[in-house]
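What the coordinates show
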Amino acid sequence: MLFNSFEFLIFFPLVVAFYFAIPHRFRWIFLLAASYYFYMAWKPEYVLLIMASTLIDYYAALRMGATQQKSKRKKYLILSAVANLGLLFSFKYFNFFSDAAREILASANIFYDTPALDILLPVGISFYTFQTLSYTIDVYRGTRKPERHLGIFALYVSFFPQLVAGPIERSTRLLPQFRQGKTFDIERILSGLRLMLWGFFKKLVIADRLAVYVNQVYNNPGDYSGAPVILATYFFAFQIYCDFSGYSDIAIGAARVMGYDLMENFRRPYFAKSIGEFWKRWHISLSTWFKDYLYIPLGGSRVGKWRWHYNLLIVFLLSGLWHGANWTFLIWGGLHGSYLILSHWTAGARERLCALTGLRASPRFHKFIKVFATFHLTLLAWVFFRANSVSDAFTHLNSMLSLNTNGLAEAFDKPSAAAGWIELGIASGALAALLMAHLIERRQSIGVYLAQQPRWARWAAYQALIVGILIFGVFSHAEFIYFQF
Amino acid sequence: MLNSSIFNSNRLAAIRKVVVFTASLSALYGAVIMGLSHAKVDGLSLLQIATGNFAVTGDVRGTLQRFRDLEQVGQVDILFVGSSHSYASFDSRVFSENGLTSFNMGTPSQTPLNTYYLLQRYLRGINPKLVVYEIYHQNLAGDGLESFYDLTANLAPSTELFSMALATRNPHALNSFSARLIESLLGGGQQALQLSSPHLTYMKGGFLAHNSQLEDTLFGEPKDIVIDETQWEYVQDILELLRGSDAELLVVITPMPHGRVNTSTNYTEISEALASLCASESITFYDFNATPTLTATQYYADYHHLNARGAGLFSAMIIDSLRLNQAFARRLSLVPEVATR
């Protein structure tokens, strides 16, 4: 079931109404059933995969909790890791590695028809496997005790607001919340609904509208050159941000309505002043997962220089691979890892350059340069993320070098050039609204800002969002980008 | 008592807030709809550009004229309903020459969802002896929005159109309907653009003669047609609606060039599913692509519509089929002889 669907519009109010109508001790059962129903609305049989992952990790954690012997605990941790990563590998990466093996063999003149699996990628598998893996790792480390209540644990794995595209929640944060009674708090419910409204605006009005342009250009490499390709790349940066952060807002808002607090997943990432800072603001739940469960165990930065660089590359390559089984994602991840390494190497040179150019004397301009540069480095990486193949990515990069400024609005594929420009205007207006919201958020949260305004102004803002969604939203039931991960 | 009166006044205040919010939201929505539908660029309103609704009132495909004619038509022997294949394939002149009155209620891209609500509105008034329900298999994968836009641009707002808007489950349908409703409430008439085309000629009674001939045979890449579950349910609802009326019912897939049929890799499965559905309801179903029918490209105006010549021949074939079917022949008072054309 998609958030941006008629079915969810019926499902969610019914779930909330029933949730608050039943006593607290039955709510976990109801939420679990609702979460499984939510997942089964896509493909019923795949709920067995979540159940299998749940049962294996529940059992593994209990066995780890029953012994202090590290060797025995490790056995069960390995069981959990093999089960979860095995699932992920089978459904997501098998064909990629099979194809890669075939290509490598072919390059050595060995022609072997490697096997391929004809199976659909289960929605959300990258998210829930990582979520349960974080639980078993925490139990192994002794950070938390195993959850003895199978139903509550199953709910932690399958909680519908964050099941298919995160945020990837830590068990220490989410599990205890399922035991707490939640009251019907109208202010909290309205706060959650406002966040969902903002999420739907970002998804339906900004992301899906920009997607029309981006898809037209990026799915037809070589058909466009110069300005349209550059514009499509800028658009994609905001499309993916609004798509993913919009989903997160809807998820966090939906959970908040029912009284659950999910972690912040995005914090105005394009205002980051460095790539390192970018990764503290973008997909926070995933970047902290990789930091806590891979980067730090590898030694983090508390190792020799070359080992540190190796750790960074490994983490970002795997992060890229997590996003998709394609060389483009590996390159995307590798670019970000390289940026961090280069940033370290050039730190001294950049300091000297700042001193030489007098940038230090203009802190605001200096900050602007840093934000500008960071944004454009991520933009370059997004070309690979969005391109359908590595060669397409290089075609797009090559196309950008053209001085062509024609056809800027044509990619919207409207009946007339004027209509295309109108469409461009709508997209720009929506992006302006986003920028305005982010500028406000630099000082205080939007919720606090709006609470300080008179009622008519608050209502005008909410109504503008609702009307904006109804009229300017794109309702082609486009999936959220991160659903495919 | 004090607590309950405070509770009641709080509740009243909350209800008042909800009512005022909803009312002001509706007013804002209406104002924005009106503003955007009146601001035009290159003949298209900003609302049309924003919602992707490029339907034009009174365009050459004849929906406006067709439903104006419908208002003057009383009862007819045969009602044709369906997509553009309906208005392109059933030549009312041929039926007339064979003593049969008919009306063609086909409209561009009409899907079962659209057909259902049109029949709900017009079936009783037309009271036909026979309904020929044409299904274009590719429209079973559609959402009905394109047809809805065409109907909203050319018909007066009605409860059936509103129900159709809701059935599409797309807010843009509601936007288009709201714009149309506000326009008609403010006395705005349908300023029809009299678009004409050398290739299309509208005939009174709903038939749209296609005057061109297919020249190339590049039919496109083959692909599976994924039937939308909602559309399939509407097919069943239509059959049920029609079986509940006095009319006989014939379901058809009109002939297309073989190249076009072959672009749908699961065409046979779809045809068989329709045949099976009709058989289960004891409804006569003809797929004119199951056996070679009018295969030459000279009978087609484009990749899938019969031209006027092809429509004339096909209409005669339909009449012959009706004569051979006892129930239809009896109902239409047809004698067994070859149709004149």
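To be clear, the structure that these remarks concern was listed above.
Below: a short report on this structure. (Residues numbered from 1 in each chain as written. Chains lettered and ligands numbered in written order. Predicted model: local features only at pLDDT ≥ 70, side-chain atom pairs only at ≥ 80, totals over all residues. Heavy atoms only, no water.)

So, on to the overall build of chain B. Looking only at helices and strands, one finds 14 helices and nine strands in chain B. Taking the principal axes of the C-alpha coordinates as reference, chain B spans close to 85 × 50 × 45 Å. In chain B, buried positions account for 52% of the 341 residues. Counting only contacts in chain B whose residues sit at least 6 apart along the sequence, the fraction spanning at least 24 positions is 78%. Entry remark: accessible area of chain B is about 15600 Å², with carbon and sulfur atoms responsible for 54%. On chain B, the mean spot of the 22 positive side-chain charges and the mean spot of the 31 negative ones are 9 Å from each other. (Helix = DSSP H or I, 4+ residues; strand = E, 2+ residues; numbered from the N terminus. Buried < 20%, exposed > 50% of the residue type's maximum accessible area, 1.4 Å probe, protein only. Contact = heavy atoms within 4.5 Å. Areas by Shrake-Rupley, 256 points an atom, 1.4 Å probe, with all protein chains shown as cover. Lys, Arg positive; Asp, Glu negative; His and termini not counted. Charge placed at Lys NZ, Arg CZ, Asp CG, Glu CD.)

Before going further, it helps to examine the packing of aromatic side chains. Residue and element names in this part refer to chain A. For the coordinates displayed, the defined rule picks out 77 aromatic pairs over all chains. Ring geometry for Phe130 against Trp322: centres 6.1 Å apart, planes inclined by 55°, an arrangement best described as tilted. Of this pair, Phe130 sits in helix 5 (residues 125–141) while Trp322 sits in helix 13 (residues 305–323), placing them 192 residues apart in sequence. Judged by its relative accessible area of 2%, Trp322 falls in the buried class. (Phe/Tyr/Trp six-rings, centres within 6.5 Å; stacked < 30°, edge-to-face > 60°.)

Let's shift gears to the nonpolar core. Core analysis: the largest hydrophobic core is formed by 155 residues, its most contacted members being A:Phe8, A:Phe159, A:Phe235 and A:Met258. Sort the elements by how many residues they give to this core and helix 10 (residues 227–257) of chain A lands first, with 17 residues. (Core = buried A, V, L, I, M, F, W, Y, C linked by side-chain atoms within 4.5 Å.)

All right, on to the environment of B:Arg93 then. By secondary structure assignment, the location of B:Arg93 is in helix 5 (residues 92–97). Residues B:Arg93 and B:Leu145 lie 52 residues apart in sequence; the distance between their C-alpha atoms is 31 Å.

What follows concerns empty space enclosed by the protein. All names here are of chain B. Evaluation of the coordinates by the stated rule reveals three cavities of 30 Å³ or more. Put simply, the largest cavity is a space of about 40 Å³. In terms of lining, the largest cavity is formed by Gly82, Gln110, Thr111, Pro112, Thr115, Tyr133, Glu134, Ile135, Tyr136 and Asn139. Going through the elements one at a time, helix 6 (112–126) and strand 5 (130–134) are the ones with two or more residues in the lining of the largest cavity. Considering only residue class, the lining of the largest cavity consists of four nonpolar, five polar and one charged. (1 Å grid on protein atoms, 1.4 Å probe; cavity = no way out; pocket = protein on both sides within 12 Å on 5 of 7 lines; lining within 4 Å. Points joined across faces, edges and corners; volume = space filled by probe spheres on them. Nonpolar A, V, L, I, M, F, W, Y, C, P; charged D, E, K, R; others polar.)

In this assembly, 24 residues from chain A lie in contact with 24 residues from chain B. A combined buried area of about 2100 Å² lies between chain A and chain B, and 75% of that area is made up of carbon and sulfur atoms. Three residues, A:Trp459, A:Gln463 and A:Ile471, lead the burial of chain A against chain B; their summed loss comes to 28% of the area buried on that side. Viewed at the interface, chain B and chain A are joined by one salt bridge. (Buried area = accessible area lost by both parts, 1.4 Å probe. Salt bridge = Lys/Arg side-chain N within 4 Å of Asp/Glu carboxyl O.)

This part covers unusual backbone geometry. Each neighbour pair has its own omega, and for A:Gly166 with A:Pro167 the value is 0°, a cis peptide bond. Take A:Pro167: it is sitting in the loop between helix 7 (160–163) and helix 8 (171–174). Of note, the phi angle at B:Arg169 is positive, near 55°, even though the residue is not glycine. With relative accessibility at 41%, the residue B:Arg169 sits in the partly exposed group. Its identity as a non-glycine residue notwithstanding, B:Ser282 has a phi of 55°, on the positive side.

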